[in-house]
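Residue strings, one per chain:
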Amino acid sequence: MPPARLPERAWRAIAGTSPPTAPIGLRAQASRMDDLAAHAALGLALRIGASMLAVGASAADATATVLRVAAAYGLTSCSVDVTFTSITVSYDRENAVPLTAMRVVSSSRLDYTRLQGVTDLARAVGTGDLDVEEAHHRLDAVVSAPTTYRRSVTALGWAGVAACFGLVLGGGWREALLAALTTALVEQVMRVLGRRSLPPFFQQVAGAALATGVAVVLLVWDVDVRTSLVVAAGIVVLLAGLSLVSAAQDAINGFPVTAVARAFEVVTLTAGIVVGIAGVLDLAQRAGLPLQVIDTSAATSFTVALAASAGIAGSWALACHARPRAVALAAAAGALAWSTSWAAGGLGAGPPLAGGIAAVVLGFCGEVLTGRLRVPPQLVAVCGIVPLLPGLAVYHGLFAIVVEARLEEGAATLVGAAAVGLALAAGVTLGEHLGRPLRGGRDRYDERVRRRALTTD
């Protein structure tokens, strides 16, 4: 209604005609489905979304997939809410009570083969090739399938990550071997603690303390190795499991609750690593052991570092149950990330900027290439940035604070390590946004989810 003091003709001259500044909710639509069919379709969409979140998908990808699957069965007016521990889907119907369902999401563990299986199922549903009952059966088969590899193979993957990282930092075969054995021990201990339902914080404390303790024992036994590389390799394996990239993605894509929860988890688990390392370093200092760290600024050749970076990314993918073709792609991503960071550093970029540029390239390539290769985009991004994680910087910072009592220098080193981590996370997200327009198969559900950061559904 125009204000009474303005003439009608003048009001028409200034009144807006475009859509609302922000859409508020979705309109309820007439439903042609009975309650039983609607419940089955809604339950399938919810199960697919929860399964994707449980094996490492971002909140945005899971939300878009849920909307797409629901729409394939005629549920076109759905709302999806994702938090860190649950997913809720509501179907709004005209002249009827909305249907709402919620599932608790189990703790996320990266499983790229299972994630690809769920994604392929959702794509088949979207093309109309499956009815609801058959889709439920296929989803049961995907989520209940045996693991891709035996535990010994995944343990070998974790050990490979640590061994190759020791080579990247300039270590020899002794450091690589000891890093591999230490990481295999840490992984086994954390697996046992997880079976005993010990909270993840204390698992991180135990893992970091064990990695640092091995270095102290090597000093006591006077083994001729650079022990700081052994510790740094173990820290990288612990850091790589954190969801910093997912937290940045959720924050940028308009999922603040999930982003805050993921970020708090990262802070808590990182604090566990700090407590474990600092505790062992303090005990070693009190015992009078001659601890020291080494400078690795020019300790390795380009060829060795490139091959080792590929090994890190490929080993990480293997440990996360990626199939052989995906492992090879991850190895290529690791080599691309390291060479891009090396080139940026050669042009004068600092570690955060160089890592951020490499992460942008990875995110872009993951979006553009993986759809055609039937590999999850997260595999390229997450596996590729593992060689760039600042494990040695974290150890250097804690060493300076605990052993050398250089608080300012140690704090600055830790801040620099955090800057590298944030640059990697933000770079991956930016690269994905840049590459998304070039990826085939984008639809209105993707667009609806990506607009969450600007408007409200």
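Note: the structure precedes this text.
Source: prediction; values computed, not measured.

Colleague: Got a sec to walk through the overall build of the protein chain? Specific residues and values, please.
Modeller: On a plain count of helices and strands, the protein chain comes out with 18 helices and 3 strands. Burial statistics for the protein chain: of 457 residues in total, 49% are counted as buried. By sequence separation, contacts in the protein chain at least 24 residues apart represent 74% of the contacts at least 6 residues apart. Here the protein chain displays about 21600 Å² of accessible surface, and carbon together with sulfur accounts for 62% of that area.

Colleague: Can you explain the side chain of Thr340? Please cite residues and give values.
Modeller: Looking at the element boundaries, Thr340 is found in helix 13 (residues 324–346). A relative accessible area of 17% places Thr340 in the buried class. Only 2.7 Å separates the side chain of Thr340 from the backbone oxygen of Leu336, close enough to count as a polar contact. Setting aside chain neighbours within four positions, we find Thr340 in contact with Ile357, Ala358 and Val361.

Colleague: An account of the environment of Ala418 is requested, with residue identities and associated values reported.
Modeller: Position of Ala418 among the secondary structure elements: in helix 17 (residues 407–435). Owing to a relative accessible area of 41%, Ala418 belongs among the partly exposed residues under this scheme. For the pair Ala418 and Val394, spaced 24 residues apart in sequence, the C-alpha separation works out to 8.7 Å.

Colleague: Provide a residue-level description of the side chain of Ser58, including the pertinent values.
Modeller: Inspection of the secondary structure puts Ser58 in the loop between helix 2 (35–54) and helix 3 (59–72). Relative accessible area serves as the criterion here: at 4%, Ser58 is assigned to the buried category. Within polar-contact distance, the side chain of Ser58 engages the side chain of Asp61 at 3.2 Å. Setting aside its immediate chain neighbours within four residues, Ser58 contacts Leu53, Gln249, Asp250 and Gln378.

Colleague: Requested: an account of unusual backbone geometry, with residues and values cited.
Modeller: A positive phi is found at Ser197, a non-glycine position, where the angle reads about 65 degrees. By the element assignment, Ser197 lies in the loop between helix 7 (173–195) and helix 8 (200–220). Positioned with a positive phi, His321 is a non-glycine residue whose angle comes to about 65 degrees. Within the secondary structure, His321 sits in the loop between helix 12 (302–319) and helix 13. Judged by relative accessible area, His321 falls into the buried class, the value being 14%.

Colleague: Talk me through empty space enclosed by the protein; I want residue IDs and the actual numbers.
Modeller: This structure, assessed with the given rule, holds 1 cavity of 30 Å³ or more. In this structure, the largest cavity occupies an estimated 80 Å³ of space. The wall of the largest cavity is formed by 13 residues, among which Ser58, Asp61, Gln249, Glu432 and Arg436 lie closest to the centre. Ranked by residue count, the leading element in the lining of the largest cavity is helix 17, at 3 residues. Along the lines of polarity and charge, the residues of the lining of the largest cavity split into 2 nonpolar, 6 polar and 5 charged.

Colleague: I'd like to hear about helix 7, residue by residue, with values.
Modeller: Each α-helix winds once per 3.6 residues, and so residues spaced three or four apart point in a common direction. For helix 7, spanning 23 residues, the distance from its first C-alpha to its last is 33 Å, which sits close to the expected 33 Å at 1.5 Å a residue. Of the residues making up helix 7, those classed as buried are Glu175, Ala176, Ala179, Ala180, Thr182, Thr183, Val186, Glu187 and Met190. Immediately beyond the C-terminal end of helix 7, within one or two residues, lies Ser197, with a positive phi of roughly 65 degrees.

Colleague: Explain the pattern of salt bridges residue by residue, including any values.
Modeller: Counting across every chain of the model gives 8 salt bridges. Residue Arg191 is joined to Glu187 by a salt bridge in which the shortest nitrogen-to-oxygen separation is 2.7 Å. Here Glu187 and Arg191 lie together in helix 7, a separation of 4 residues that amounts to about one turn. By relative accessible area, Arg191 is classed as partly exposed at 22%. Across the pair Arg286 and Asp282 runs a salt bridge, and its minimum N-O distance is 2.8 Å. Highlighted residues: Arg286 and Asp282, both in helix 11 (residues 256–286), separated by 4 residues, approximately one helical turn.

Thresholds applied
Residues numbered from 1 in each chain as written. Predicted model: local features only at pLDDT ≥ 70, side-chain atom pairs only at ≥ 80, totals over all residues. Heavy atoms only, no water. Helix = DSSP H or I, 4+ residues; strand = E, 2+ residues; numbered from the N terminus. Buried < 20%, exposed > 50% of the residue type's maximum accessible area, 1.4 Å probe, protein only. Contact = heavy atoms within 4.5 Å. Areas by Shrake-Rupley, 256 points an atom, 1.4 Å probe, with all protein chains shown as cover. Polar contact = N/O pair within 3.5 Å; in protein donor to acceptor, adjacent residues only side chain to side chain. 1 Å grid on protein atoms, 1.4 Å probe; cavity = no way out; pocket = protein on both sides within 12 Å on 5 of 7 lines; lining within 4 Å. Points joined across faces, edges and corners; volume = space filled by probe spheres on them. Nonpolar A, V, L, I, M, F, W, Y, C, P; charged D, E, K, R; others polar. Expected span 1.5 Å × (residues − 1). Salt bridge = Lys/Arg side-chain N within 4 Å of Asp/Glu carboxyl O.

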